[in-house]
Amino acid sequence: VDVGSGVGVGRDHERSRFGGATVLRAEDVDALVTLRRRHPDLVVLVDDADRIGDDAPVLPVLREVIDLVDRDRGLVAVSTTSSTAATRFRGLDVDVARHRVGILLGPERADAELLGARLRDHPPRMPGRGVVVVRGAVAEIQVFLADDSG
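Below: a short report on this structure. (Residues numbered from 1 in each chain as written. Predicted model: local features only at pLDDT ≥ 70, side-chain atom pairs only at ≥ 80, totals over all residues. Heavy atoms only, no water.)

1. Observations concerning the overall build of the protein chain
Next, step 1: Across its full length, the protein chain holds five helices and seven strands.
Next, step 2: The order of α-helices and β-strands along the protein chain, N terminus first, is β-β-α-β-α-β-α-α-β-α-β-β.
Next, step 3: Here the protein chain holds 150 residues, and the buried ones make up 35% of them.
Next, step 4: Taking the contacts inside the protein chain whose residues are at least 6 apart along the sequence as the reference set, 47% of them involve residues at least 24 apart.
Next, step 5: Looking at the protein chain as shown, the accessible area adds up to about 9600 Å², and 52% of this sits on carbon and sulfur atoms. (Helix = DSSP H or I, 4+ residues; strand = E, 2+ residues; numbered from the N terminus. Buried < 20%, exposed > 50% of the residue type's maximum accessible area, 1.4 Å probe, protein only. Contact = heavy atoms within 4.5 Å. Areas by Shrake-Rupley, 256 points an atom, 1.4 Å probe, with all protein chains shown as cover.)

Structure below.
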């Protein structure tokens, strides 16, 4: 997927340092719809998904993008905390967790259960260390921050 066809939904309205991806606010519904029509394989990153209220204008559009992501070969990733997701019954983060696919950074044993998996061992406590969960299968990962000096 072309990084230039990405969008992030969060609190700040600015250009991303990652290939010029557009950063939108939860109120920028028309901009998200336009980007999605232009790029059906859009990559959407939603920061602090648990903070998007049930009445947020962008919520129905994000849910539609999630429903079509496999068909259109796009990608949707949301961030939240496992403690928040574990106590909620609805919300964008909970909707995405029901797909049983995700990345957990610094997880505890119970965290994987949110995605329908079990952790046998804790990954070592290191920045960026975690697990990727795909429909019950668990694999350790290391996420890194690219050096942007270059």
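Once the structure has been displayed, the description carries forward.
2. Topic: the sheet that holds strand 6 (residues 129-134)
Next, step 1: Ordered by their spatial adjacency, three strands build an open sheet running 5-6-7, and the pairing between neighbours is antiparallel. Edge strands, defined here as strands with exactly one partner in the open sheet, are strand 5 (101-105) and strand 7 (137-142). With direction set aside, neighbouring strand axes in the sheet form an average angle of 25 degrees. (Pairing = 2+ DSSP bridges. Axes fitted to C-alpha atoms, helices over the stretch in contact; angles between N-to-C directions.)

3. Re the environment of alanine 117
Next, step 1: Mapped onto the secondary structure, alanine 117 falls in the loop between helix 5 (109-113) and strand 6.
Next, step 2: The exposure class of alanine 117 is buried, given its relative accessible area of 5%.
Next, step 3: If near-sequence neighbours (up to four positions away) are discounted, alanine 117 is found in contact with Ala112, Val133, Gly136 and Val138.

4. Overview of the pairing of strand 5
Next, step 1: The side-chain alternation of strand 5 yields one buried face, formed by Gly102 and Leu104, and one unburied face, formed by Val101, Ile103 and Leu105.
Next, step 2: Pairing between strand 5 and strand 6: five bridges, direction antiparallel. Residue pairing in the sheet places leucine 104 in a bridge with valine 131 of strand 6.

Structural measurements only, silent on function.
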